[in-house]
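What the coordinates show
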Amino acid sequence: MHSADSHSVIQVRGARENNLADVSVDLPKRRLTVFTGVSGSGKSSLVFGTIAAESKRLINETYSAFLQSFMPSLGRPDVDELRNLSAAIVVDQERMGANSRSTVGTATDAYAMLRIVFSRLGTPYVGPAGAFSFNLPEGMCPECEGVGEVSKIDVDQLVDRELSLNEGAITVPNFAVDSWYWQVMANSGFYSPDKKLKDFTEQEWEDFLHKGPTKVKAGTHNTTYEGLVTKVQRIFLSKDRESMQAHIRAFVDRAVVFAGCPSCGGTRLNQAALSSTINGVNIARCSAMQISDLSRFVADLDAPQVAPLLGNLRDLLESLVEIGLGYLSLDRPSSTLSGGEAQRVKMVRHLGSSLTDVTYVFDEPTAGLHPHDIQRMNGLLERLRDKGNTVLVVEHKPEVIAIADHVVDLGPGAGTEGGHVCYSGDVAGLRASGTLTGRHLEHRARLRETPRTPRGKMSIEGADLHNLRGVDVDVPLGVLTVVTGVAGSGKSSLIHGYVAGREGVVVADQSPIRGSRRSNPATYTGLLNPIRTAFAKANGVKPALFSANSEGACTHCGGLGVIYTDLAMMAGVASVCEKCEGRRFTPEVLAYTLRGKNISEVLDLSVAQAYEFFPSGQAHAILGRLRDVGLGYLRLGQPLNTLSGGERQRIKLAIHMAEKAATYVLDEPTTGLHMADVDHLLALLDQLVDGGNTVIVIEHHQAVMAHADWIIDLGPGAGHDGGEVVFTGTPAELVARGDTLTARHLREYAAGS
């Protein structure tokens, strides 16, 4: 045997990242390995935090020092040894950037190929491929600069015309009477601050709203005056919406009205690009087509001069259809894709790659997929493996675990109770292993025998958002309703479009939580306040000392616990602060204790431990809600940016549970949940309903469908093949007489129980 053939396993020795307890394991290369275990058991720490992180770091080290200076710094994971690694490509569920110029077409390169096809085959000829790009000056619509929308400011959201400036006519944040911005305007001399806005002359109104930068004297200061709209555009609208404070974002959302660009009709392109057609269809219409239709359109083109390119474009579009994204269109903005959709779009880029012997790392690739689509996803994972790649998948669904060549089960519990390898071997061995995962592989939730009786109904009439086709449906109140249907059938459009905005409705989704690396579960849930108060009371000092963002912060690291060092030409590094040793507070603050623990030690507790430590009061109540949503293993001081989408959703749910809402909307709450944890989630949903609330869940997990009082099934397919209600009734009725895709899969599921 050639010595090169001995590198057939990735060897992990002594991994201690996060909660991993000195884990050593061998993973077969060029095989499909699935990592299982409850939420918080250490799967992500092993796969992403150790194996993928070290692979990425080693690759970065092969670049020149100059290039490395532009890359993020990557610390070495806490592991004794990693042998036989190959280059890792992580295909995660992070949403694609919020850049308004990024679309499904640009993200997959399908639009770039389409532009070349139009530049060669389109009539009349309008120029090279750049002439069809909305991101280049030669192709973009001159009015909206290729964004497809124009923004108008609604002046009545900025001012109250019935009042004068002295009476507070300006309602924009930071423009209150006597504020600096207000003084510049009131003392400008262009109009009287005592005159009601409705009485302004045309010239005064123009100066008040639109005057460009002009030097004026405000009291004793020389300063620059700008009209109100001009100033609002400069100080608010030129900023990234995501970086704004909540109250300013709310104001901007009210004041700015977006409308399709009248010049290009929202197509983003100039008239020349729109004039060129193939078989009577221009590039904007191709981009707006559902990908499954565009795939057929491209398949019918016969042009020897661009045959290789057409072949590649055909393959790419067919892959998008095969992966279950045929309902999208190329002009769909990337920022509107769900985490699961974003992951599948990224996956398509790798299916066509000629690279082999790569390690592909997936994070719950079935998130957002109906059971009907999971078979297809399995096929794609197997295709990547069969090309000669190592495929590592973190997953909870039994259907994916079933196709694994190798399974690594972590646990036995979460957080400090996890971090051990409970089983490593094939699927048959896992079934017989007696581990929590092994026991739950065949586990089925039973169909609800006696559904609860609704207390009334919430009516939706004529819903036509996106692909919905004038849907009329009643959502029962006071029960658990599950909304099902394949990805792209219209579930989110129906619920987020017609239920979410109503009075008393609370939505807990998986979107990122606004906050910096300073935010953690304690600050985000308001738990830190009672904790600080308890410490202050016990020690007779002020509460501000016990905040790492305030007076008590270590002066050396500013309360972050780590120091970020920029090494000029080399990549910067984050190192634990030597002064506070990562504890984030000054030695004086750490000297104060509460029942034998200092503030740093309390923030290091898990939710479950803290629940015992604070046996009563507000802290106990908040911790109880976090425990109820299955986050007992989270550390109070864990940075929020380390949480998964499912964890973010459950932390939001815990906060909302204190609000006494009437209706809860949950979008795929089983994401990231082990089969054993799904039972806890069902108990929590029952608790909410039995407490007098209405719960509406968008979900693909059959256990949740089986547990529902009422099911609303959308379909029959995705995109323009969906958008209709194909069934409403109880789960038992769906199994007994339904003929939808959901009915078929729920019937199989129920038969196995």
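For the structure, check the block above.
Summary of the structure given here. (Residues numbered from 1 in each chain as written. Predicted model: local features only at pLDDT ≥ 70, side-chain atom pairs only at ≥ 80, totals over all residues. Heavy atoms only, no water.)

1. A word on the overall build of the chain
If you tally the helices and strands in the chain, you get 29 helices and 25 strands. Principal-axis analysis of the C-alpha atoms gives the chain an extent of 85 × 80 × 65 Å. Looking at the chain as a whole, 53% of its 753 residues qualify as buried. Taking the intrachain contacts of the chain between residues at least 6 apart in sequence as the baseline, contacts between residues at least 24 apart amount to 66%. Accessible area of the chain: about 32600 Å², with a carbon and sulfur share of 50%. Taking the average place of the 73 positive charges on the side chains of the chain and the average place of its 85 negative ones, the gap between the two points comes to 3 Å. (Helix = DSSP H or I, 4+ residues; strand = E, 2+ residues; numbered from the N terminus. Buried < 20%, exposed > 50% of the residue type's maximum accessible area, 1.4 Å probe, protein only. Contact = heavy atoms within 4.5 Å. Areas by Shrake-Rupley, 256 points an atom, 1.4 Å probe, with all protein chains shown as cover. Lys, Arg positive; Asp, Glu negative; His and termini not counted. Charge placed at Lys NZ, Arg CZ, Asp CG, Glu CD.)

2. Some thoughts on the packing of helix α6 (residues 202-210) against helix α7 (residues 228-237)
At a minimum axis separation of 3 Å, α6 and α7 run at an interaxial angle of 10°. Judged by the inter-axis angle, α6 sits roughly parallel to α7. The segment α6 lies against α7, with F208, L209 and H210 engaging L228, V229 and T230. Residue classes in the contact of α6 with α7 are distributed as 4 nonpolar, 2 polar and no charged. (Axes fitted to C-alpha atoms, helices over the stretch in contact; angles between N-to-C directions. Parallel < 35°, antiparallel > 145°, perpendicular 65-115°, else oblique. Nonpolar A, V, L, I, M, F, W, Y, C, P; charged D, E, K, R; others polar.)

3. Some points on the layout of surface pockets
Gaps left between atoms show up when a probe the size of a water molecule is rolled over them. Of the pockets and cavities examined, the second largest pocket occupies roughly 490 Å³. As for the second largest pocket, its lining consists of 27 residues, of which P398, E399, R444, Q702 and Y749 are closest to the centre. Elements supplying a minimum of two residues to the lining of the second largest pocket: α14 (371-386), α15 (398-401), α16 (427-432), α26 (675-690), α27 (702-707) and α29 (741-751). Among the residues making up the lining of the second largest pocket, the classes are represented as 13 nonpolar, 7 polar and 7 charged. (1 Å grid on protein atoms, 1.4 Å probe; cavity = no way out; pocket = protein on both sides within 12 Å on 5 of 7 lines; lining within 4 Å. Points joined across faces, edges and corners; volume = space filled by probe spheres on them.)

4. Topic: the packing of aromatic side chains
Inspection of every chain in the model, using the stated rule, returns 15 aromatic pairs. Centroid distance Y191 to F200: 5.3 Å. Interplanar angle 25°. Geometry classified as stacked. As far as burial versus exposure is concerned, Y191 and F200 are alike and both buried. Summarising the aromatic geometry, the rings of F200 and F208 are spaced 5.7 Å apart at their centres and angled 90° between planes, so their arrangement reads as edge-to-face. The pair formed by F200 and F208 is uniform in burial state, with each residue classed as buried. (Phe/Tyr/Trp six-rings, centres within 6.5 Å; stacked < 30°, edge-to-face > 60°.)

5. Quick word on the state of the cysteines
Evaluated as defined, the whole model comprises 0 disulfides. Between C144, a free cysteine, and C141, which holds the nearest cysteine sulfur, the sulfur-to-sulfur gap is 3.7 Å. When its relative accessible area of 7% is taken as the criterion, C144 is described as buried. This cysteine, C261, is not joined by any disulfide, and C264 carries the nearest cysteine sulfur, 3.8 Å off. (Disulfide = S-S within 2.5 Å.)

6. Digging into the environment of G260
One can find G260 in strand β9 (residues 256-260). When the C-alpha positions of G260 and C144 are compared, they lie 9.2 Å apart, and in sequence the two are 116 residues distant. Non-local contacts of G260, meaning those with residues more than four positions away in its chain, are made with G148 and V150.

7. Side note on unusual backbone geometry
A cis amide bond, omega -5°, links T123 with the succeeding residue P124. Position of P124 relative to the elements: it lies in the loop between α4 (110-121) and β6 (149-153). The omega torsion of the bond from G411 to P412 falls at 0°, within 30 degrees of zero and hence cis. Mapped onto the secondary structure, P412 falls in the loop between β14 (406-411) and β15 (420-425). Of note in this structure, N279 is not a glycine but carries a positive phi near 50°. Mapping N279 onto the fold places it in the loop between β10 (277-278) and β11 (281-282). You will see that R584, though not glycine, has its phi angle at about 80°, which is positive.

8. Quick word on the sheet that holds strand β18 (residues 480-484)
Across the sheet, which stays open at both edges, the 6 strands sit in the order β19-β22-β23-β18-β24-β25 with mixed pairing between neighbours. Both edges of this open sheet fall to β19 (505-508) and β25 (724-729), since each of them pairs with a single strand only. With direction set aside, neighbouring strand axes in the sheet form an average angle of 15°. The pairing of strand β22 (residues 663-667) with strand β23 (residues 694-698) spans 5 bridges and is classified as parallel. Following the sheet pairing, Y664 is matched in β23 by V695. The sheet contacts of helix α18 (residues 491-498) involve β18, β19, β22, β23 and β24 (710-715), and relative to β23 the element is tilted by about 145°. Where helix α25 (residues 645-656) meets the sheet, its contacts fall on β19 and β22, and the angle it forms with β19 comes to roughly 155°. (Pairing = 2+ DSSP bridges.)

9. What about the nonpolar core?
In this structure, F297, M347, F362 and L381 are the most contacted members of the largest nonpolar core, which totals 74 residues. At 8 residues, helix α12 (residues 307-325) tops the list of elements feeding residues into this core. If we ignore the near neighbours within four places in the chain, the residues touching F362 are F48, V91, Q343, M347, L381, L384, V391, L392, V393 and V394. (Core = buried A, V, L, I, M, F, W, Y, C linked by side-chain atoms within 4.5 Å.)

10. Things to note about the pattern of salt bridges
Using the criterion set out here, one finds 37 salt bridges in the structure. Here E341 ties to R332 by a salt bridge, and the two come within 3.9 Å at their closest N and O atoms. Classification of E341 as buried rests on a relative accessible area of 10%. Since its relative accessible area comes to 25%, R332 is described here as partly exposed. (Salt bridge = Lys/Arg side-chain N within 4 Å of Asp/Glu carboxyl O.)

11. Re empty space enclosed by the protein
Using the criterion set out here, one finds 4 cavities of 30 Å³ or more in the structure. Lining of the largest cavity is provided by 19 residues; of these, E364, K397, T670, T671 and H701 occupy positions nearest its centre. Classifying every residue of the lining of the largest cavity by side-chain character gives 6 nonpolar, 8 polar and 5 charged. Empty space within the second largest cavity amounts to approximately 50 Å³. The wall of the second largest cavity is formed by N520, T523, L528, S547, A548, N549, R584, F585 and L603. Considered class by class, the residues forming the lining of the second largest cavity number 4 nonpolar, 4 polar and 1 charged.

12. Brief notes about α18
For α18, the full list of buried residues reads K491, S493, L494 and I495. Structurally, α18 contributes buried residues whose contacts are with β16 (456-463), β17 (471-477), β18, β22, β23 and β24.

13. Concerning α25
Under the 1.5 Å per step criterion, the end-to-end length of α25 is 17 Å for 12 residues, consistent within 8% with the ideal 16 Å. The element α25 is largely enclosed, with a buried count of 11 among its 12 residues. Of the residues making up α25, those classed as buried are G645, G646, E647, R648, Q649, R650, I651, K652, L653, A654 and H656. At its buried positions, α25 is contacted by β19, α19 (521-524), α24 (617-628), β22 and α26. (Expected span 1.5 Å × (residues − 1).)

14. Considerations on the packing of helix α13 (residues 339-351) against α14
Interaxial distance between α13 and α14 falls to 11 Å at its minimum, and their mutual angle equals 35°. The element α13 and its partner α14 pack so that their crossing is left-handed. Contacts between α13 and α14 involve R344, M347, H350 and L351 from the first element and M377, L380, L381, R383 and L384 from the second. (Left-handed = near helix turned anticlockwise from the far one by under 90°.)

15. Re the pairing of strand β8 (residues 221-225)
Taken together, the 5 bridges between strand β7 (residues 214-218) and β8 define a ladder with antiparallel strand orientation. Residue T214 lies in a different strand from β8, and its bridge partner there is Y225.

In short, geometric facts, not functional conclusions.
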